[in-house]
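# Examining the three-dimensional arrangement
Spelled out, the chains give:
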Amino acid sequence: MKPSVLGLALSLVAMPGLRAEEGMWTFDNLPIAKMKEKYGFAPDPAWLDHARLSSLRFPGGSGSFISADGLVLTNHHVGRDHIQAVSGQGRDLVRNGFVAATREEEIKVPGLELLTLVAMEDVTARVARAVAKGLPDKAAQEARQAELGRIQKEIQDRTGLRAEVVRLYQGGEYWIYTYKKHTDVRLVMAPEVRMAKFGGDADNFTYPRFGLDFALFRVYEDGRPYHPKAHLAWAAEGLKAGDLTFVTGHPGSTARLETQAQMLASRDVAWPERIRTLEALRGALVAYGKRSPEHFRQVGAQILNVENSLKAMKGYLAGLQDPAAMARLGREERELKAKVDADPALKARAGGSWAAIARAMAVQKPLARELAFVGTCNSTLLGHALTLVRLPEQAALPTAKRLSEFTDANVEATRRRLLVDRPYYPELETALFTHGLQEALAGLGAGHPFVKAMLGGKTPAAVAGLAVAGSRLADPAVRKALLEGGRQAVLASQDPMILLARRLEAPNRLLRQRMEDQVNSVVAEHGGRIAGARFRIFGKEVYPDATFTLRLSYGPVSSYPANGTHIQPFTTLHGLFDRALAWGPEAEGGAWSLPSRWWERKDRLALDTPYNFAHSVDIIGGNSGSPVLNRKGELAGLIFDGNIESLAGRYYYDGKVNRGVSVDGRAILEALGKVYDAQHLVKEITGK
Amino acid sequence: MNGYLEQTMRKTLTPLLALLIAAPALRADEGMWTFDNLPVAKMKQKYGFAPDQAWLDHVRLSAVRFPGGSGSFVSADGLVLTNHHVGHNWIERVSDSTHDYVGNGFVAATREQEIKVPGLELNTLISMENVTEALAKAAPEGAGEAAAAKARQEALAGLLKAARERTGLQCEPVVLYQGGETWIYAYKVHKDVRLVLAPEYGIAAFGKEWDNFSWPRFCLDFSLFRVYEDGKPYKPQHHLAWAPKGPAYGDMTFIVGHPGRTSRLETLAQMEATRDVFGPLGVRTLDRTRKVLHAYATRGAEPARQVSAMLMGVENGYKVTVNELVGLRDRESMAEVARAETELRAAVDKDPALKALAGSSWDKVAAATARRARFAKEDAILGSLRSRMLEFALGLARLEAETALPADKRASEYRTEADITRRKARLKGMVPGDAVLEQAFLESGFNASLQDLGPSHPLTAALLGGKAPAEAASLLLSGTRLKDAAFRASLLDDPKALKDSRDPMLVLARSLAALQAPMRAEREEIQAVIAEHGARIAQARFKVRGRSVYPDATFTLRLSYGAVETYPSAGTLAPPFTTFAGLYDRADAWGPEAEDHSWELPKRWVDARGSLDLRTHFNFISSNDIIGGNSGSPVIDRQGRLIGLVFDGNIESNAGRFFFDPKVNRSLSVDASGILAAIDKVYGASRLVLEITSK
C-alpha cells in the first residue's frame, strides 16, 4: 500500500451520518462525542500529544518511535528502498534480512529523512484576507499561493523547523504544519523480504494474511542515538476481537470529495491509461530481471512496487465501476447541489462549480495523455538533467510563477534529491530509457514534435544507449559541479542528457502550465467553492480528504463478510506454516516459501501467537507503517495493508467490508526473540 | 453443500432444456459425464491419460448412492465412506437425548458395536440400458403432445417391469438431455447399513454454516458406515484402495458420484425467470424459514438439537440460492448463454426438418415459463407453511378430494389402491412438531401471505379468516386435535370420521386444497408444454451437436475430471491445500466462543494437538465439475485409488447450476491422508486403519 497521485475535491458520502468508524481525522477535530457514545472512550489531549509526537512520517509512509533511544518501527515495504540502498553486490539485505547485533553495526541510510509533527497552525482566515474579492480564478489562486508562501517562510524562519502548507477540505481550510526533521537514520533490523512479503504480489492487499512486514531503524543526532520527546510503550496485553484500536499515520490521498465528473474521468480515462502504462513498465522490468540473478536483484524492489501500484489502481477502478456505489455518490452529489441551489448566496458562489469542473475534465483528457509521454521517459539521469536545466531558469521567476518543485518552500528538497548518491546501473538505465522512448513513440506517433526532438530520426535504443554511455551525470560530484556552476555551467555542458533535457524542457513545461491553468486551478477553485458551501452546510462534522499529513482513525478488531463466510479477525503463526505447506516452496515462484531459519526454529515458536489481524479503521496508502494503538496509547500492532475491499476506500468508505490489516505486536516480539536472535531489541522495546 | 441440499431431487423430467455455453468448445474440465460417454480424447490430450473400461467398471461398482448423496466402498468388508453431512440425518436418527452421536461423535470399537440405521438404503449401479429408440417407436406417428407423452410413459412402464423381472434389481428410468435419451439404470439395494464412525459435528462442519461453501476450509466431513448382508459384513465385488498419500498440487483427480440437479440446458428465458422471479422468491421463503428455526434453536440445547439438521439444510439452501442468483446476475456469463442459444436457434432454423420440429419451441417454453411465473408467489407462500400438522392435514384433504373422484379422473399418483395405501402410510409416519415451532412456522407463513399477497387475496383470506397472524395460528393450534395420534389414525382409517370432521386444521386444509387444485392443473399443463418442447430442443441439439456435450445432472452416476488447481479469490490465489496447522490457526484466531462456537474444536482435537503431525494435508481443491448430490463422492487418482472425499464446492461453484466457470469453480475435498491420520491419532480406531489400508 503506497500513496499515489493526488486527488481532488468534493461532495462526500452521506454527510450527516458518516458510516461507522469512517474518517481520517485531523488532530484538531476528532469525533469525540461519537467515539464516546460507541466505545465509552475517547482520547484526551495528553493521549493525543503523546501519540502525535511518537508518530513519524517516512517518505511515502508512516512510522513511530518505540524506544527512548530513538528506535523506529515501520513496515519493511516502507523501508525497502532504503534497505536496498544500503545493500550491495554480495550483500543482499532485502533478500537475506539484517540484524545489527550491536549499535555499531547499524547502517546509516543515505538520504532518508523522517519527520515528527511538532505544531499545527490554522491560517485560513489570513489567506482569505489576502485574496481580494472578485479576482478571477487564476489570479485568486496566485494571490493565495503567494500569501501561503510568505506565511510558510515566516514560520520556517521563526522556528527553524520545516513548515508545510496543508490544504484541507479542498481549500476550505489552510494550515501550516511544522516538522522536526531527522536526517541521520540507520537500519537496525529487517526480516527477509520473503517473510515481510509472504504471499508475494498475490497476497498483497488481501486478508487473511501472514506477513511479517516490519523493519526497525534508529534515529541518531550528533552521532548518538536520539532521545525522542515521546515514544510508544509496547502493549502489555495483546488485542482481542472487538477491542478498540487507533491508527496514527499519514494517509496519502483519497478522492472521496471529488465530483462525479472527476470520478467518471478517472474511471474512463485516467486509471485505464495509467494501468496500461504501468503494465508496460512492469514488462520492461521483468524482462530486465530475467537477464541474470544480479539483474533481478537490481529491479526486484521496483517490480514489487509497480505490481503493488497496479493492484491498487485496479482496486480503485473496481470501486468506481461498482454501479450501486456510484449511484449513491451521484445521489449525494445531487442532494448537496440541491441544498446549494436552495440558498441564493451559496448558489451564486458554488452553483456553477460542478459544471466548471466537468468542463475542466473535458480539457484534461487529451492533456493528461500527452503529459504521460512528454517527460523524462523513465530515465533517472534525464530527470537529474532536467532539474539542472530548470533550476537557474526557475530561480529567476517569482516563486508564485514557478513549477511546484522549485517554489521557495520546495526548492531545497529538490536540490538535495539531486545530490543523493544512490546505486546506479547503466544497463538498467539504458533499458528503462529505451522503454520510455518506445512508449512515447508508440503513444504519440513518430510525427509528434516531442518524439522528433528526442529521437532525431534514430531508434529509441540508439538514443538511449548513446545518451547513457555518454553522460557523466551518474556521478553526484558531476551533478554537484553543474549545480554550483549555475546557468553558465549548464549552458556550457555538452553532456548528452543535458542536451536532451533542453529539448524536453519547453514542451513539458508548457503542457504542465496548461494543465495547471486550465485544469488544476479550475478544480482547485471550484473544488474550494463546493467545499466552502459544504462547510456552510455540514461544518466540520466531516473529515478532509487525505493529504499525507498526520491523521487519526479508530475502530475495533473485527471480522467481515467475504468469500461466502465471516473472515477470521486474527491469523496465527500456525497459519503461516499452513499456508507455506499448502503451496510448497516452488509454487508461484516461491511466493509462499519460508526462509530456512523459520523451519529450523519452528519448534521454538508458540504457534498460537497472533500474527496479523483485521480491524475496521479507515486508512489508505501512506498509512503503511502506522502504529496501531490501544486505549492506553500503547503499541499493539503495525498497519501494513488493507484488504482488497479497502481499495474502493479511495472513493468511498464501506464499513461493512473495508479493513486495515496489521502485524500483531506479539508476533514481532516472538520473531525478534526466537527467530532473529535479537533478544537485545526485545529488551529495548519492552524494557524487560 | 450440506444436508438436504445435496440435492432436491426431482426424479421426473422437471426442468428443461436449452443450450449451454460455448457448446462446440466445452470449457476446460467441464462436464458431469455419464459412464457410457466420456470425453476420452480431450482427457488424453490435456492429461495424457484416460480411464479404460476396467478402471471405469471398478470405480462404478465401488461407488454407492446415499439418499441425497454419494459414497463408496473402501474395504473388502463392506466399509462405506461418505460425508458426515450426508450421514448426518442417520447419525441423528440413531442418537437420542442421552446419546448425542452428532455432537459427541461415535466410534464403534468392535463390529458388534456398529449401530444399525433403520431405513437407510444404499444403491450400487450394476447396469445401464439405453431405451431411447424403443420409446421413440412407442409414440404413434402424428400423435398430439399429450397422446405421445402418454404412449411413451406406458411403454417405459412396461420396459421397467421387464427389466425388474429379468434382473431382480431395482430399476429406475433415467431421462437424459431433457428427454433426448432415456435409460434404465439397475441398482443393487443394500438395506442393512450400520454406523461405524462419526466425528463430532463440530469438526465435521468446522466453521458451521459460515464456512459452508467457502475456501480455505478445515472440515473433517466424513463418516463411516458398513453394509451387512444376512447379518454379516457384506463383501462387495469392488472397493477402492486407499492411496498411501493424498494428491500433490497439479495432480489429476476424478470424482465419481451422483450430481443431483443442474439447469445448464435450460433456455435463456427459463434462466431469466429464475433470476428475476423464482430465485428471489425462493430466497425470501428460505430466509423466513431460517429465522423461525434460529429463534427456536436459541430456546435451549434440546430445541437446538431437534432442529440442527433442518437448520443446516435450510441455511445451506439459502446460501445456495443466493449465490446461484449471483451467478445468474453475472452479465458476461448470461451473455454467453444467450450467444450459445442464438447460435443453436440459427442452426435449427437453417434445417427445414429441425425447424419444423423445434423452431418455435424456445418461444413456447418462454410463454409457458411466463405463465408459470404468474402464480409463483402463491406457490412460495404455500411452500413456506412448514407446520407439520398443516402438512398432515393438507395430505389428508388431498386424499379426501382425490378419492372422491373416479380413478381415471384422479391425479396420477392417486390412481391405484397401491397409490392410496402408499399415501396413507406416508401420512401415518408424520409426527407433529413441537408446539412452539408449529406456532412459529404458521405465524411466519401467515405473515408472509399478508405481506406478499395482501389481506384481500383469497389465499390470505383462507389462512387468516380476517384475524391477525399470531391469533389465527394460535386459534388453529389450540382448536385442532391433530396432536392426538389416535385421532389422526381414526381420520386415516375411517372415511366417515374424515368426512364428518370439522377439525379447524382440516377445514383450513380443505379450503387450501380447493385453492390449489386449479393451480395444480395449470401447472401440469405448463409442465407438459415445457417437457415436450424441452425434449424437442434437446433432439434438435442432438442433431446439431451429437453427444459431444454431457446431460444435465439427474442424481445418477457421473464422472468428472480435473486437477488440484488454485483459483483467483479475494484478490489473491487460493491455496490448493489446507493442513492441520491451518485448523489450529483458524480455531485460535476465533477462539471457542465466537459466532456461537462455530470454530470451537471438540475436546478430542484440543487434546490431540501435541500428537498430530501439523503438516498433514487436511482439505484440498480441484477443478472437477460437481454439484449438490456429489457430496460424499470419492476423489480418485489415475490408479483408481481413493485420494480424497468431496464435501463441498466453493462459493463460486453455486453458479455451476447454470454454467461452469473453470476459472473459479472448484470442488472441495477432505484429503485421504487427513482422514486416515484423524481415524488413527484422534479417534484411536486402529482396527479401521488396519482394515482400510490392508491390501
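Procedures and definitions
Residues numbered from 1 in each chain as written. Chains lettered and ligands numbered in written order. Predicted model: local features only at pLDDT ≥ 70, side-chain atom pairs only at ≥ 80, totals over all residues. Helix = DSSP H or I, 4+ residues; strand = E, 2+ residues; numbered from the N terminus. Rg over C-alpha atoms; globule rule 2.2 N^0.38 Å. Buried ≥ 20, exposed ≤ 12 C-beta atoms within 10 Å, placed from the backbone. Contact = placed C-beta atoms within 7 Å. Pairing = 2+ DSSP bridges. Axes fitted to C-alpha atoms, helices over the stretch in contact; angles between N-to-C directions. Parallel < 35°, antiparallel > 145°, perpendicular 65-115°, else oblique. Left-handed = near helix turned anticlockwise from the far one by under 90°. Nonpolar A, V, L, I, M, F, W, Y, C, P; charged D, E, K, R; others polar. Core = buried A, V, L, I, M, F, W, Y, C linked by C-beta atoms within 7 Å. Bend = angle between axes of the 7 residues up to and from the residue. pLDDT = per-residue confidence, 0-100.

What follows covers the overall build of chain A. A count of helices and strands for chain A gives 25 helices and 20 strands. In terms of overall dimensions, chain A is globule-like: its C-alpha atoms have a radius of gyration of 25 Å, near the 26 Å expected for 688 residues. Overall, chain A is about 65 × 65 × 50 Å in size when its C-alpha atoms are taken along their principal axes. Here chain A holds 688 residues, and 50% of them are scored as buried. Contacts in chain A between residues at least 24 apart in sequence constitute 80% of all its contacts with a sequence separation of at least 6.

Turning our attention to the overall build of chain B. When helices and strands are tallied, chain B shows 27 helices and 20 strands. Its C-alpha atoms give chain B principal-axis dimensions of roughly 65 × 65 × 55 Å. In chain B, the share of contacts with a sequence separation of at least 24, taken over all contacts with a separation of at least 6, comes to 80%.

Further remarks concern the pairing of strand β3 (residues 79-82) of chain B. All names here are of chain B. On β3, burial covers both faces: L79 and L81 on one face and V80 and T82 on the other are all buried. By the bridge criterion, two bridges tie strand β2 (residues 69-73) to β3 in an arrangement that is antiparallel. Within β3, the residue paired with S72 across the bridge is L81. As defined by bridge partners, β3 adjoins strand β10 (residues 223-229) across four bridges and the pair is classed as antiparallel. Note on β10: the bridge partner recorded for L81 is L224.

Once that is clear, we can look at the sheet that holds strand β13 (residues 558-563) of chain B. Residue and element names in this part refer to chain B. A sheet is described by the order of its strands in space; here seven strands give the open sequence β13-β12-β18-β19-β20-β17-β16, paired in antiparallel fashion. With one partner strand each, in any of the chains shown, β13 and β16 (577-579) form the two edges of the open sheet. In this sheet, adjacent strand axes meet at a mean angle of 30° when their direction is disregarded. Docked against the sheet, helix α26 (residues 672-682) engages β17 (617-622), β19 (642-649) and β20 (667-671), running at close to 40° with respect to β20.

Relative placement of two packed helices is described by the angle separating their axes and the distance separating the axes. Residues and elements named next belong to chain B. With their axes 8 Å apart at the nearest point, helix α17 (residues 435-453) and helix α19 (residues 469-479) run at an angle of 140° to one another. Classified by the angle their axes make, α17 and α19 are oblique. Like other packed secondary-structure pairs, α17 and α19 cross with a definite hand, here right-handed. In contact with A435, E438, Q439, L442, E443, F446, N447 and L450 of α17, α19 contributes P469, A470, A472, A473, S474, L476 and L477. Split by residue class, the contact of α17 with α19 holds 10 nonpolar, three polar and two charged.

Residue and element names in this part refer to chain A. The strand order across the open sheet formed by seven strands is β13-β12-β18-β19-β20-β17-β16, and the pairing between neighbours is antiparallel. The open sheet terminates on both sides in strands that have one partner only, identified here as β13 (551-556) and β16 (570-572). Within this sheet the neighbouring strands show an average axis-to-axis angle of 30°, counted without direction. As paired elements, strand β12 (residues 244-249) and strand β18 (residues 627-629) share two bridges and run antiparallel to each other. Residue pairing in the sheet places V247 in a bridge with V628 of β18. Here helix α21 (residues 573-583) sits on the sheet and contacts β16 and β17 (610-615); the angle it forms with β16, its principal contact strand, is near 70°.

So, on to the nonpolar core. The biggest cluster of nonpolar side chains holds 219 residues, and the ones touching the most others in it are V72, M189 and L216 of chain A together with V74, V80 and L197 of chain B. The residues contacting V72 of chain A, other than those within four sequence positions of it, are L56, G63, S64, F65, L114, L216, F217, R218 and V219 of chain A. Among the nonpolar cores identified, the runner-up in size contains 42 residues, and L293, L390, A393 and A448 of chain B belong to it.

In this section: the interface of chain A and chain B. Interface size is commonly expressed as the accessible surface area that is lost when the partners come together. Facing 29 residues of chain A, the contacting portion of chain B comprises 30 residues. Of all the elements in the fold, those that place two or more residues in the side of chain A that touches chain B are α8 (200-203), β15 (565-566), β16, α21 and α22 (587-590) of chain A. Per element, the largest residue contribution to the side of chain A that touches chain B is eight residues, and it comes from α21 of chain A. Across the side of chain A that touches chain B, the residue classes tally to 12 nonpolar, 12 polar and five charged.

The next thing to look at is unusual backbone geometry. Cis geometry marks the peptide bond from Y207 of chain A to P208 of chain A, where omega comes out at 0°. Take P208 of chain A: it is sitting in the loop between α8 and β10 (215-221). Omega for the peptide link from W215 of chain B to P216 of chain B comes to 5°, which places this bond in the cis form. Summarising the element assignment, P216 of chain B is placed in the loop between α8 (208-211) and β10. Located in the positive-phi region is F213 of chain B, a residue other than glycine, with phi close to 70°. Its 26 C-beta neighbours within 10 Å are what place F213 of chain B among the buried residues.

A few words on the packing of α21 of chain A against helix α23 (residues 580-590) of chain B. Where α21 of chain A contacts α23 of chain B, the axes come no closer than 7 Å and their chain directions differ by 145°. The way α21 of chain A lies across α23 of chain B gives a crossing that is left-handed. Facing α21 of chain A, whose interface residues are H574, G575, F577, D578 and L581 of chain A, α23 of chain B presents A581, G582, Y584, D585 and D588 of chain B.

Here we take up helix α20 (residues 496-538) of chain A. Think of an α-helix as 3.6 residues a turn; residues three or four steps apart then line up on the same face. At E516 of chain A, α20 of chain A shows its largest bend, some 40°. Trailing α20 of chain A by a residue or two, G539 of chain A shows a phi angle of about 65°, which is positive.

Attention now goes to the pairing of strand β12 (residues 252-257) of chain B. Residues and elements named next belong to chain B. β12 sits mainly inside the fold: six of its six residues count as buried. Alternating positions in β12 separate into two faces, M252, F254 and V256 on one and T253, I255 and G257 on the other, with burial throughout. Where β12 meets β13, six bridges bridge the pair, whose relative direction is antiparallel. Within the sheet, the bridge partner assigned to F254 lies in β13 and is Y561. By the bridge criterion, two bridges tie β12 to strand β18 (residues 634-636) in an arrangement that is antiparallel. Pairing of F254 across the sheet is with I636, part of β18.

So, about the confidence of the model for chain B. Close inspection of predicted coordinates is inappropriate in any region flagged by low pLDDT. All names here are of chain B. Taken residue by residue, chain B gives an average pLDDT of 90. The fraction at 70 or more is 96%. Segment residues 1-25 is flagged for pLDDT under 50; beyond a separation of four residues in sequence, or across chains, it makes 91 contacts in the model. Among the scores for the predicted complex, ipTM is 0.78 and pTM is 0.80.

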